[in-house]
Amino acid sequence: MLNSTSIDQYAVFGDPIQHSKSPRIHTLFAEQTQQKLVYTAQQVPAANFETTVQQFFAQGGKGLNCTVPLKELAWNFAEHLSARATLAKAVNTLKLMPDGSIYGDNTDGVGLINDLKHNHITLSGSRILLLGAGGASRGIIAPLLAQNPQHLVIANRTDSKAIALMQEFRSAILAASSFSALAGQQFDLIINATSASLSGDLPDLPEKLLANSGSCYDLAYANQATAFVTWGITQHALKSLDGLGMLVEQAAEAFYVWRGVHPETSAVINILQAERFK
Ligand code: NDP
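For clarity, every value in this text was computed on a predicted model and none was experimentally measured.

**Brief notes about the sheet that holds strand 12 (residues 240-241)**
Then, number 1: Taken together, the six strands give an open sheet; going across it, the order is 9-8-7-10-11-12, and neighbouring strands pair in parallel fashion. At either margin of the open sheet sits one strand with a lone partner, and together these are strand 9 (174-177) and strand 12.
Then, number 2: Seen against the sheet, helix 6 (residues 135-145) touches strand 7 (127-131), strand 8 (151-155), strand 9 and strand 10 (187-192) and runs at an angle of roughly 170° to strand 7.

Right, dumping it as structure tokens:
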């Protein structure tokens with residue numbers, strides 16, 4: 001039960017949620033920026049989403065993050081949307097506005113771009129392959145296109161979904177493919193936005209997709225190397241990274257949406273990197 005007269009309340013809702021690092025990240029941000037707030041994680045099945053969110057805000061909650069499988073429900077729930085959330089058709093950040101309305105934003109794309117930049121991965125002029133056509137891909141296609149790659153190819157196990165995204169995000173430098181039709185092509189950056197790593201699986205990819213000095217990035221993260229990060233290493237990737245940095249960067253942007261303050265992310269990424277190998 002929230003107490004509206006006490007410290008500002010924030011939370012992440014999702015299902016499953018027990019391994020979420022978001023409470024740790026936002027607590028570190030709050031300490032660093034000297035903001036007084038509490039951030040908790042709550043398991044919320046999709047069927048209970050609307051009533052639980054209404055209850056949270058009615059009891060004085062100030063902001064929410066929504067993760068799998070709630071991002072599309074959050075998009076429907078929000079009364080106002082940022083331009084990037086409108087495009088993504090997915091919301092990971094809800095904010096109670098001063099007039100009592102609920103604002104929805106999507107910080108996944110900016111989170112990915114910021115982490116790629118911090119890791120010195122070149123996007124402008126690069127040949128980029130995006131694997132997956134689910135909610136996470138929806139949030140990152142427009143931010144990737146805005147970096148002026150040479151081209152961006154979306155490939156998905158169910159190729160009709162990749163084609164649908166290409167038609168929706170319409171751009172001369174955007175293409176869609178099945179996994180098998182990628183054979184013979186090469187990419188400077190391969191981004192895994194499938195959820196395959198969560199079950200230790202790899203997308204079924206042709207050989208030799210990664211160009212010399214190319215890099216790999218898995219949106220998934222774990223305490224040990226994900227299947228895709230390991231695959232990147234076997235392909236001699238210059239860098240093969242998981243999504244921990246993106247997680248911290250998207251959280252920093254959500255923190256800014258709520259509190260108007262930008263936390264410094266690299267110190268928090270370093271703390272989380274050290275903690276996961278303990
Ligand atoms: P969705 O459930 O919306 O989409 C899943 C996608 O993965 C679909 O394209 C699906 O293909 C594909 N897929 C699932 N299993 C396999 C497999 N074995 N082989 C090939 N393709 C597969 O998930 P999200 O888009 O929401 O999330 C994707 C990943 O991104 C997750 O790992 C999630 O944890 C991560 N993520 C990380 C963030 C971060 O901050 N680091 C932020 C957001 C997401 P098909 O259409 O054929 O079913």
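**Side note on the site of the ligand**
Then, number 1: Around the ligand, the structure places 26 residues, and the nearest of them are Ala136, Asn156, Arg157, Thr158 and Lys161.
Then, number 2: With respect to the ligand, the side chain of arginine 157 contributes an N or O atom lying 2.9 Å from an oxygen atom.
Then, number 3: Within the contact set of the ligand, a nitrogen atom lies 2.9 Å away from a backbone nitrogen or oxygen of leucine 219.
Then, number 4: The protein chains hide 81% of the 930 Å² of surface that the ligand would expose on its own.
Then, number 5: At the level of elements, helix 6 and helix 9 (244-259) are the ones that each hand at least two residues to the shell around the ligand.
Then, number 6: Ranked by the residues each element gives to the shell around the ligand, the list is headed by helix 9, at three residues.
Then, number 7: Residues that form the shell around the ligand fall into these classes: 13 nonpolar, nine polar and four charged.

**Digging into the packing of aromatic side chains**
Then, number 1: Under the counting rule described, the total for this entry stands at seven aromatic pairs.
Then, number 2: Arranged with centres 5.5 Å apart and planes meeting at 70°, the rings of phenylalanine 29 and phenylalanine 255 form a pair that is edge-to-face. On the criterion of sequence distance, the pair formed by phenylalanine 29 in helix 1 (residues 22-33) and phenylalanine 255 in helix 9 is long-range, its members being 226 residues apart.
Then, number 3: Phenylalanine 29 sits in the buried class, given a relative accessible area of 0%.
Then, number 4: Residue classification places phenylalanine 255 among the buried positions, given a relative accessible area of 0%.
Then, number 5: Seen in terms of ring centroids, phenylalanine 228 and tryptophan 231 are 5.4 Å apart; in terms of plane orientation they differ by 25°. Their pairing is stacked.

**Remarks on the pattern of salt bridges**
Then, number 1: All told, the structure shown has nine salt bridges when counted by the stated rule.
Then, number 2: Put simply, glutamate 253 and arginine 84 hold a salt bridge, and the shortest N to O gap is 3.3 Å. Highlighted residues: glutamate 253 in helix 9 and arginine 84 in helix 4 (residues 83-88), separated in sequence by 169 residues.
Then, number 3: A relative accessible area of 12% places glutamate 253 in the buried class.
Then, number 4: Ionic pairing is found between glutamate 168 and lysine 89, a salt bridge with its closest N-O pair at 3.4 Å.

About the thresholds
- Residues numbered from 1 in each chain as written.
- Predicted model: local features only at pLDDT ≥ 70, side-chain atom pairs only at ≥ 80, totals over all residues.
- Heavy atoms only, no water.
- Pairing = 2+ DSSP bridges.
- Helix = DSSP H or I, 4+ residues; strand = E, 2+ residues; numbered from the N terminus.
- Contact = heavy atoms within 4.5 Å.
- Axes fitted to C-alpha atoms, helices over the stretch in contact; angles between N-to-C directions.
- Near = heavy atom within 4 Å.
- Polar contact = N/O pair within 3.5 Å; in protein donor to acceptor, adjacent residues only side chain to side chain.
- Areas by Shrake-Rupley, 256 points an atom, 1.4 Å probe, with all protein chains shown as cover.
- Nonpolar A, V, L, I, M, F, W, Y, C, P; charged D, E, K, R; others polar.
- Phe/Tyr/Trp six-rings, centres within 6.5 Å; stacked < 30°, edge-to-face > 60°.
- Buried < 20%, exposed > 50% of the residue type's maximum accessible area, 1.4 Å probe, protein only.
- Salt bridge = Lys/Arg side-chain N within 4 Å of Asp/Glu carboxyl O.

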